[in-house]
Structures are given as structure tokens and as C-alpha cells.
Amino acid sequence: MPIGGFVVTIDQKAKGDAFAGLARFPQVEIYGSDEKGNVVLVIESETSKEMEKIVKDINRVEGVLNCVMTYINVEDE
Amino acid sequence: MSITRREFLKRTAALTAASYVGMNLPFSLEGESHAADADKWVKGVCRFCGTGCRVELGLKNGKAVALRGVADSRTNLGYVCMKGMLFYKIIGHPDRFTKPLYRAKKDQPFKTITWDEALDIAAKEFANAVKTSGNDSVAYYGSGQALTEETYLFQKVMRAGLQTNNVEGNPRLCMASAVGGYLTSFGADEPIGSYSNIEKASCFFIIGSNMAEAHPVVFRRVMRRKLDNPNSVKVINVDPRISPTSRIADLHLQFKPGTDLALMNAMANVIIEEKLYDENFINNYCVFKAVEDDKPKGVDFEAYKKFVAEYTPEKAAQLCGGNITPENIRKAARMFAKSPGTMSMWCMGINQRLRGVWANNLINNLHMITGQLCKPGADSLSLTGQPNACGGVREGGGLCHILPGHRPVAKDKLRNQVEEIWGVPQGRIPPKPGLHTIAMFSAVNEGKIKAIWIHCTSPAQSLPNADHYRKGLRRDDVFVVCTDIFPTKTTELANLILPAAFHFEKTGVYGCTERRSQITPKAVNPPGEAKPEVWMVREWALKLSKELNDPVIKKSVEPFIGLEEGFALSKAIWDEYTQKLTKGRDNDLTGATYDVLLKMADGVQWPAPTTEFALKGGTERKFVKGIDPLADKLSQDDKPYQFYGPAHEDRKLYIWLRPYNGAAEEPDAEYPYYLSTGRIIDHWHTTSMTGRIPEIMRANPYSYVEINPKDAAKLGIKPGDMVEVESRRGKVVMPAKVIEGPIEGMVFAYWHDMDEERMINKVCKDAFDPGSKEPEFKISACRVKRVSGPKQLKPYIVTM
Ligand code: SF4
């Protein structure tokens, strides 16, 4: 079960849509956000591929501009 | 209160991410008793694209368990993308080659042999070819994913040992036109500036690149710049496809494939008409060049002005089609010229073209006429696809016409310099450049090449008009050696497969887009008997020397005999290359020793002639006095910029008069659609690696073709329908994705699929740029028809 740390950038104009969209992923936990549109989140998934799919879907969420990773732990995979 | 191990890891992940954006989270991990997430972190560079993200591999009991970006790296500022992080799955993958495999004939099964036998066979076959058919009957075809040390040693043995310049590599298929553009425009290969210009730029001109998907970490910086300065920073996105990159654009210009040459000439016209050009910059640093009777000829500003005057915005808008209007062209030209710092970024959409060099020149022209170079935020930056196309292949001598250190083979003085450095007799390296990629595989087809070593790449799938070139590789009188980690469409055609060590299983350097060299040291052992390629080349050369009774071949590897293969051998090769071959050249890496590279968070940008300078990171902006030590050293006047590039002896920048010409194959009544191809973000190139990660294959099992909804309606195609895409060269059948992506009249297919039914490169045209010899993957003509409704397909990858 890999665990990844991510920084998502959202368009402040579509902030509501973006947070609502992110909240729909059960594997995603939001840890914090700031006024510049940075959102720190952690994804915990069954496989790293599932994580990749979630990242792809996050990129398609209305108001999300970019989703990059900073850390992944795969010790259980 | 103590937390669980998983909670501990989640908090570690969250804190790492938060620290990059300066966010405080309401917890810390101080005092937690959990064992650390990794017991050792090893810094290296990502294996999966030319961005050059610095990463750290976390090991626990010698096993890869975690990865993270390096926060103080100037390439990626700590960020990485998901694709880049999956490479740990390849380390230890059960499909890896672990023993040498051989068969005398290509219809026989492979059998396992020893390394000694394998290298004997390789030496005998190459020696026989040389004895019976001459030195040019052998060839090396390498890769922008090979380490610099590997490319350097292979080409040294081929040129000085086997006396042939038949040294090529897959960067010919992706960035040769950018090389041609830089050399003809600026007199020197590779970008002048760095990614660090992004945070200073006020206008981005992104053309022929879907960087949001293909280079997401660079895109993040561009996006951040735009979001932090929504009014003062402008983004122009120019592409026949709408892509996620367009999301941050102030202006998205969508045009018919290939017509961007007219668009850029029209922008230049507006800039001149509206007097937005930088007269000072032009007078001080530039000259104008036209081509007459196939030769460059100096012309003046008036001639250039007259030339671009033909490209009125009205005429260009008509040629370009799409959403381009005369007013849009004027707007783009003004944004480009008036911004305090404009940065262009492009990729395959510009390079993989019949007129790829011209397209590069026209981007560079816009920068020269507006003086948008050498100052903060201004640069003409070609993004690269592979992690070491710049460092290994462009700089290390990995193409048929260049020797290490940006030395053209044909220049006697420079060739002799290399012979002297290598200690081989003068005249040992042939003066004639070898065969470029398409010519090389044509020679394989004709049976003129009898033995070829293909390293870390799969031309049987990646060449355009692939069926045509696979004929030659299938011949039984052509001996094919492959060094690889997994089976590919090319190893299917090999006689000998040599199992190679993968990233972090050997030591070596990659040079990324921004002239930056970064080391990745060995952290884990390769599986089974897999070996670093530098070991293979050295041992093969020693056997070749005996077979051909030629001591000069031995001489080419003599400094490396007996060195331990995991680190010391690579270090000695890097030392020879940097200390002797780059010294005094524009890509001077003398200061970038292994010691220095291992100390750096992010490597060194050349020129870096001393270790003191290299330890500061090297040259952020070339040609600028006070920043680039060579600009100071080679200064000839009191001007702030010194364009000392080796290709322009007059030290001028060249503004070229390049007309708009169509593609090699434009749509017609028989083949009415433009076909363009590209890469899906999930897969790397031919899927030989990513196809083996089951989860990736489940989510993206096969290629598909994108069709504009208007075209789909005309053709009666619904989403998921099976569609035949046919050209004059071949056809494939793949599922349709109906999407507002490609412009009307164009279809876009992904090229990663290994299945014969869906291998789009069978359909692409092998026409190539006469300057760069790079094939025109991005444009050919096809017809499209629905063959059935959605069908259950089986994913396919080559296995043994
Ligand atoms: S952007 Fe490229 S170099 Fe960076 S992590 Fe992703 S694949 Fe690797």
C-alpha cells in the first residue's frame, strides 16, 4: 500500500469545485492549503498504479491545474 | 500519543510536501519512536524524461522502499511526477534479462550462454564484418537514455578502434532539429539559459509541446509564475491540439499542422511593422542570412523586412486556419516583443518535422529581433524528451557527425585533436561522417551493414515506416546485438542479447535540458548476471583487438582495464571525457568531477571550467560576461554578451530567412487527414518498461486514436469504435477517442503500443529534415474509417 505526498495547485477562482472534487476520492486526505492555491494532500492506495490513476483523475478535476509529487513510500508493495 | 506506522508514513509524506510550499502543518514527527522510512538515501536523477528531476532513492536493508524529490535541486525544486517515480518497479522485475542469450539464426530459439562466450561471439561477428566488408559495415545505434560514460566509450571504440563513424542514436528521432536550430542560429548547441528564467519571465511562448503532461514539473513552475502574477505574466500556447497546457494560456492559437512557420514569420512581420524590434541588440550581435544556390548568403535588415512582409497577418491567418485570426497574430507578436522577458519552450511538435530546423530558427529569430536573449527571464529553451540526449549524445559524441566536446568529425583540426588525446595514430578516425539514423537502417536493409550493436533502444518499433526497416533487421546476414533490460520488438530480431544493469544499479551521469550534468551512483546490485554496459564495451574491445590483431583497439580502452565496474570504471571514463575532451570546449566540464557531482544537490551546468565554479552550480546563462566564465575569458570587446559558439567564427547570431513550406506529405483526396503521433503520459516510449508494470497496463492497455468530434460525426465514428488508420505505408486498427483535442481534419495516435495491429509507426512517413535528418513523425497523410463497434482488446508486450 504505497503512500504519496503531493502538492496540488488549484485555480482560486474555482476553489469550491476543486475542493469538492478532491473530497470525492476516498484515498485522498487533504492536510492543508494556502491562499496561493497550494493544497497538500496524501494519497494512500492499494498499488502505485492505482495512485497513478488517482493522480490522473485529480488532474481532471475542475479547478485543478497541476498535481506533482514530493514523496512516495512503497515499502509494503 | 504514539501513532501507527502507516500514520507515521502519511505524516512524513504530508510534511515533505508541505515543506516545499512553506506550509506549516499542525504536527511534527519529533519524538516518534518509529523506525525511519528508509535507512539510507541515495541521490540520483530521474530516469524518465529530459527535465532532469533530482530524486533520492530510499533503501531499507538494501531494498528500494521510498523515493522523494530533492528540495534544494534547481531543476525540480523537490517536485517530481508520478511516472518518474515508478522506476523502482523495474529494479528487480521478474522479466529482466539476467543472462546473455544467443542464437545463430533469427528463426531459432535463444539459448543461455556465458559472458565469455557472448563477448567472443560479438567480437568475432564484428571482426568478420570488418574483414570481409570493410569498416563501415559495422554500426552502433545508441540512446538518449544511455549514460554519458556508455555513449562516450561505445563511440570511442567504434571510431578509434573500428575506424567507422557509424555512431548514431535515437536522439536523431527527437531533438536533432533543435541541435540544427541552435547551431545555425546561435553558433552553439543547447539553450543559452536555464529553468531559473521561468521565475523571471513575463511572457511564455509554448509551441509544439504539451508540457502540462509531458514535462509536468517544468510546467508547474510556469503555472506558478502565471498564478502568482496573473496580470503581468502572459502565456501563449501554440498547438494544433488543445491540451491541458492550454488551461493556463491567455492566448491559445490552434492551427493546421505545419503552418506555424507562416505564423512565426507573420509575428516577425508585425514586430518589424510596429517597430517593436530591438535595434540595439540586432546591430550589436546579429546578421541576416538567406540561402542561395544551397549556400548561406549574408543579407541586410531590409531584405529580411521585405521577406517577412510577405507574411501579412491576414495571409498567415488564412494559411494557418484553426482559430487563428490576424488580430491574434498581432496580439501574440506584441506580447512576445513587449514583455520584459520572454521565454519560448518547445518540444517534438517543432522538431519532428521536415522543416524542423527552420521551425527552430524561426523561434530563435523572434528572440533575436526582440533582444529576448541573455537577460533575466528571456530564453529560447528547447525541452528534451530523454534524460541524457543532451549530455550523452549531443555532448559525448553520440551522433555520426560529431565527436565528443561538440567537435564536427569533418573538421581536420578537431578530429586530429581527438586522435591525439586518445593516443591513437593520426588518420585513425575517418574524416567522413557516418550514416545518420534513416541512412543507417537503410544500409541495414541493403545488407551493407553486417553487424550492428543496438543499445538501450528499440528502433524496430520507434522508426517511422517501421515495417520497411524491420526487413533489414530480420536478415540472417545482419548480426544484431542488443543491450537491454527487457525484451522488445528489437530484441525479437537480435542474435545476441546482453543483459544490462539499470538505473541505480550502475554509476553514471545524465545531462538534462538545461546543460546540467547530474550523477546517479550505484545503490543496488543488478539482477543475476546483468552488467553495466561500460564493462561490456571494454571486454568486447579487448577481444576485438585480438580478433583483428589490432593493438589500437586495445589502446582505446587501455586506461580502463581492470577497473571495478560499478563505480571506478565509470569514474575513469568520465574523467577522461571531461578532463581531456571537454576542456577548452564550449561544453567545458573540467570542474564537474565525480567528487563535485556527488557533493551537489543538483549537478553542474556547463561551461564549468574549474571545480570552484562547478561547486557553485556552473553557468546559469551562457555568453553573458560576469555569469559565464568563458564569455569573460574569450571576450573580444566591451560588449556584455560574447557569442563564442564554435559554429560561428564571426561570433554573430544569425537571423535566417526561412519560408513556409508544407509537410513532405500533405492530405489529399486519397488520404484526406493529417496524422500526428505522440506519447501518452503513462507510458515511456515503446512500453518495454512501463508495459511490464501490470497496473499501468491495466489502466492503459493499448494505443488509441484521437478524433475531433466534427470529423467523428462525418465518419460515423463513436467513442470506442474500432477505426482503421491507413497511409501509403501501412495500416493499423485501434479504438477511437472522440475528443476536442486535435484540430478538425487531423487525427492523433499514440505510438507506444507493441501490438502489430496497433503499431502506428508502421503508418508514419520516414521523410526527414534535410538539415537535421530528423524524421517527420508529426505530419503525414492518412485516411480513417470505422471498422466496427468497440471490441475487447488484449494488451501486448514482447516476452521471451
Ligand atoms: S518530470 Fe521527467 S524527470 Fe521529472 S520526475 Fe517526471 S519523468 Fe522524471
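Residues numbered from 1 in each chain as written. Chains lettered and ligands numbered in written order. Predicted model: local features only at pLDDT ≥ 70, side-chain atom pairs only at ≥ 80, totals over all residues. Heavy atoms only, no water.

**Observations regarding the overall build of chain A**
- A tally of regular secondary structure across chain A gives 2 helices and 4 strands.
- Ordered by position from the N terminus, the helices and strands of chain A form the series β-α-β-β-α-β.
- When contacts within chain A are restricted to residue pairs at least 6 apart in sequence, long-range pairs at least 24 apart make up 68% of them.
- Carbon and sulfur atoms provide 49% of the accessible area of chain A, an area that totals close to 2900 Å².
- Taken as two groups, the 8 positive and 14 negative side-chain charges of chain A have centres that lie 10 Å from each other. (Helix = DSSP H or I, 4+ residues; strand = E, 2+ residues; numbered from the N terminus. Contact = heavy atoms within 4.5 Å. Areas by Shrake-Rupley, 256 points an atom, 1.4 Å probe, with all protein chains shown as cover. Lys, Arg positive; Asp, Glu negative; His and termini not counted. Charge placed at Lys NZ, Arg CZ, Asp CG, Glu CD.)

**A few points about the sheet that holds strand E12 (residues 295–299) of chain B**
Residue and element names in this part refer to chain B.
- Across the sheet, 3 strands lie side by side as E12-E11-E23; this open sheet has mixed pairing. Two strands lie at the open edges of the sheet, namely E12 and strand E23 (653–656), each paired on one side alone. With direction set aside, neighbouring strand axes in the sheet form an average angle of 45°.
- Where strand E11 (residues 286–292) and E23 come together, 4 bridges link them in parallel fashion. Across the sheet, Val 287 pairs through a bridge with Tyr 654, a residue of E23.
- Those strands touched by helix H13 (residues 356–370) are E11 and E23, and its axis lies near 115° from that of E23. (Pairing = 2+ DSSP bridges. Axes fitted to C-alpha atoms, helices over the stretch in contact; angles between N-to-C directions.)

**Quick notes on the pairing of strand E8 (residues 203–207) of chain B**
Residues and elements named next belong to chain B.
- Buried residues dominate E8, accounting for 5 of its 5 residues.
- Covered by surrounding structure in E8 are Cys 203, Phe 205 and Ile 207 together with Phe 204 and Ile 206, the residues of both alternating faces.
- Note that E8 and strand E9 (residues 234–238) share 5 bridges and pair parallel. In the sheet register, Phe 204 faces E9, and the bridge partner there is Val 235. (Buried < 20%, exposed > 50% of the residue type's maximum accessible area, 1.4 Å probe, protein only.)

**Considering the nonpolar core**
- Ranked by size, the top nonpolar core spans 134 residues in total, and within it A:Ile58, B:Phe126 and B:Trp540 carry the most contacts.
- The leading source of residues in this core is helix H2 (residues 115–133) of chain B, at 10 residues.
- With sequence-adjacent residues up to four places away left out, A:Ile58 is seen in contact with A:Val8, A:Leu22, A:Phe25, A:Val28, A:Ile43, A:Val64 and A:Cys67.
- Residues B:Ile207, B:Ile271, B:Ile272 and B:Trp346 belong to the second largest nonpolar core, which totals 64 residues. (Core = buried A, V, L, I, M, F, W, Y, C linked by side-chain atoms within 4.5 Å.)

**Quick look at the site of the ligand**
- B:Cys46, B:Phe48, B:Cys49, B:Thr51, B:Gly52, B:Cys53, B:Val80, B:Cys81, B:Lys83, B:Gly84 and B:Val217 make up every residue found near the ligand.
- Here the shell around the ligand is composed, by residue class, of 7 nonpolar, 3 polar and 1 charged. (Near = heavy atom within 4 Å. Nonpolar A, V, L, I, M, F, W, Y, C, P; charged D, E, K, R; others polar.)

**Some remarks on the sheet that holds strand E7 (residues 167–169) of chain B**
Residues and elements named next belong to chain B.
- In space, the 7 strands of this open sheet follow the order E5-E4-E19-E18-E17-E6-E7, with mixed pairing throughout. Where the open sheet ends on each side, the last strands, each with one partner, are strand E5 (111–112) and E7.
- Here strand E18 (residues 479–484) runs beside strand E19 (residues 496–499); their pairing, made up of 4 bridges, is parallel. Along E19, the bridge assignment pairs Thr 483 with Leu 498.
- In this fold helix H16 (residues 437–445) packs onto strand E6 (138–142), E7 and strand E17 (451–455), with an angle of close to 135° to the strand it touches most, E6.

Worth remembering: the numbers are spatial, not functional.
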